[in-house]
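Notes for the structure review
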Amino acid sequence: MLERLCYAQAMKTKKTPVELNKLAAFIVDQATNEEPEPEEAPAKNPAAVALGKLGGLKGGKVRAERLTSERRTEIAKRAAQARWKGKD
């Protein structure tokens with residue numbers, strides 16, 4: 001019975017971090033039964049996001065219009081060779 005409880009508790013633990021400082025904080029949190037603080041994602045620059053979205057919306061269509069049929073064929077052949085390179 002005790003083994004089952006220990007196993008169940010071990011299965012509930014979170015993945016051990018690799019970075020030394022995070023590992024130390026993880027060990028302290030485990031020892032004191034505290035929940036770790038969630039990591040915050042770095043803030044993005046709104047101007048850069050707007051520019052990236054603007055270019056991303058029109059980029060593929062414009063590129064497709066500018067490519068010649070010979071260049072599209074060349075790109076497709078290179079992609080097929082890369083895809084099948086290690087499958088012989």
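Residues numbered from 1 in each chain as written. Predicted model: local features only at pLDDT ≥ 70, side-chain atom pairs only at ≥ 80, totals over all residues. Heavy atoms only, no water.

Some details on the overall build of the protein
Along the protein, the regular secondary structure elements total 4 helices and 0 strands. With an accessible surface of roughly 8,800 Å², the protein has 59% of that area assigned to carbon and sulfur atoms. (Helix = DSSP H or I, 4+ residues; strand = E, 2+ residues; numbered from the N terminus. Areas by Shrake-Rupley, 256 points an atom, 1.4 Å probe, with all protein chains shown as cover.)

Some remarks on the pattern of salt bridges
In the structure shown here, the tally under the stated rule is 1 salt bridge. The shortest N-O distance in the salt bridge between Arg 71 and Glu 74 comes to 3.0 Å. Of the two residues, Arg 71 and Glu 74 both sit in helix α4 (residues 69-84), 3 residues apart, roughly one turn of that helix. Its relative accessible area of 33% is what places Arg 71 among the partly exposed residues. (Salt bridge = Lys/Arg side-chain N within 4 Å of Asp/Glu carboxyl O. Buried < 20%, exposed > 50% of the residue type's maximum accessible area, 1.4 Å probe, protein only.)

What about helix α3 (residues 46-66)?
With 21 residues, α3 should cover 30 Å at 1.5 Å per step; its first-to-last C-alpha distance of 30 Å lies within 8% of that length. Helix geometry: α3 is bent most strongly at Gly 59, by close to 40°. Here α3 starts with a cap whose side-chain oxygen sits 3.1 Å from the backbone nitrogen of Ala 47, and that cap is Asn 45. (Expected span 1.5 Å × (residues − 1). Bend = angle between axes of the 7 residues up to and from the residue. Polar contact = N/O pair within 3.5 Å; in protein donor to acceptor, adjacent residues only side chain to side chain.)

Structural notes on the confidence of the model for the protein
Residues at a pLDDT of 70 or more form 82% of the protein, whose mean pLDDT is 80. Helix α1 (residues 2-12) is the least confidently modelled element of the protein, averaging 56 in pLDDT, while α4 averages 94, the highest of any element. (pLDDT = per-residue confidence, 0-100.)

Digging into the environment of Thr 68
With respect to the secondary-structure elements, Thr 68 resides in the loop between α3 and α4. Owing to a relative accessible area of 41%, Thr 68 belongs among the partly exposed residues under this scheme. A distance of 3.2 Å separates a polar side-chain atom of Thr 68 from the backbone nitrogen of Arg 71.

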